[in-house]
Amino acid sequence: MDGVPAPGWILSAMRISDGVRQRSLQRITVHWDNHNLTHAAMIPMFRTDYRVFGMVGFGLGLTPIWYPGTPITVTRKVLRYKGGYSETPPSITELDEEIFAGAFYFDPWQMLSPVLASQPGNPHLAAEGNLAARRIGGQPVYDLIFEPPLHRLRGLVFKRRFRRLRAVSMLELHALTDVLDPYIPAMQKTQKQAAVKAGMRGRLMQADGRRIRLDLGTGAAGPVQKRPAQKYMETD
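Right, let's walk through the structure included here.

Calculation rules
- Residues numbered from 1 in each chain as written.
- Predicted model: local features only at pLDDT ≥ 70, side-chain atom pairs only at ≥ 80, totals over all residues.
- Heavy atoms only, no water.
- Helix = DSSP H or I, 4+ residues; strand = E, 2+ residues; numbered from the N terminus.
- Buried < 20%, exposed > 50% of the residue type's maximum accessible area, 1.4 Å probe, protein only.
- Contact = heavy atoms within 4.5 Å.
- Areas by Shrake-Rupley, 256 points an atom, 1.4 Å probe, with all protein chains shown as cover.
- Salt bridge = Lys/Arg side-chain N within 4 Å of Asp/Glu carboxyl O.

### Topic: the overall build of the chain
A count of helices and strands for the chain gives three helices and 13 strands. Residues classed as buried in the chain amount to 38% of the 236 residues present. Sequence-distant contacts in the chain: of pairs separated by 6 or more residues, those separated by 24 or more amount to 59%. A total of about 14200 Å² of accessible surface is found on the chain, and carbon and sulfur atoms cover 51% of it.

Structure follows, in structure tokens:
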């Protein structure tokens, strides 16, 4: 299909540094009028026009916060909003059920959808809208690139061989709904895979700088402990 990034496809108009990477939106401080909130991660929400209509902020074990619209200023690790209609930003559970209709987002930790699904009456968020779980031309989406003001999606990032990354401008693709491969729900994961994902989620939600070790038998997390150096036997 034209416009789909096939293996080896070379682009000349997009660089990884051309904008703000979704994966860099971690440990962000948000100024909402006179309130300062620190979030482990921020997830921009957008639709087929690629315009960001709001962002979800995850805090330290708190209910995710909804920031409608886009920030008025963006600096390194700091976003500033003008509160306007409310003194504090609303909890995501206070939103209308249809606010996320047709929304796309990038959640590699798979935190947002389970949080919404955990309580009846919470807004519905379609799992197929998570681009971290989708493929284009058979290739998984590794990251998103937004314009520096975080107003609009600018490009997608794919992994190449040897951990190299490749950026694809949205201008070089057809409509997102046309180029996405058919959605296939995630298969049942092994216990080890589930434990590793739980560890990623735990690190992000704690956001206190500590590394976390997982007990692969229970999925429980704890501080990392150094392992003793291994001794090797010499053989003839």
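Text resumes after the structure shown.
### Structural notes on the side chain of Asn130
Position of Asn130 among the secondary structure elements: in the loop between α1 (112-117) and β8 (135-136). Residue classification places Asn130 among the buried positions, given a relative accessible area of 5%. In this view, Asn130 contacts Tyr105, Phe106, Asp107 and Gln110; residues no more than four positions away in its chain are not counted.

### Description of the pattern of salt bridges
According to the stated counting rule, one finds one salt bridge in the structure shown. The partner of Arg21 in a salt bridge is Asp143, and the shortest N-O contact between them spans 2.6 Å. Placement of Arg21 in strand β1 (residues 20-21) and of Asp143 in strand β9 (residues 139-146) is noted, with a sequence separation of 122 residues between them. Classification of Arg21 by relative accessible area gives partly exposed; the value is 22%.

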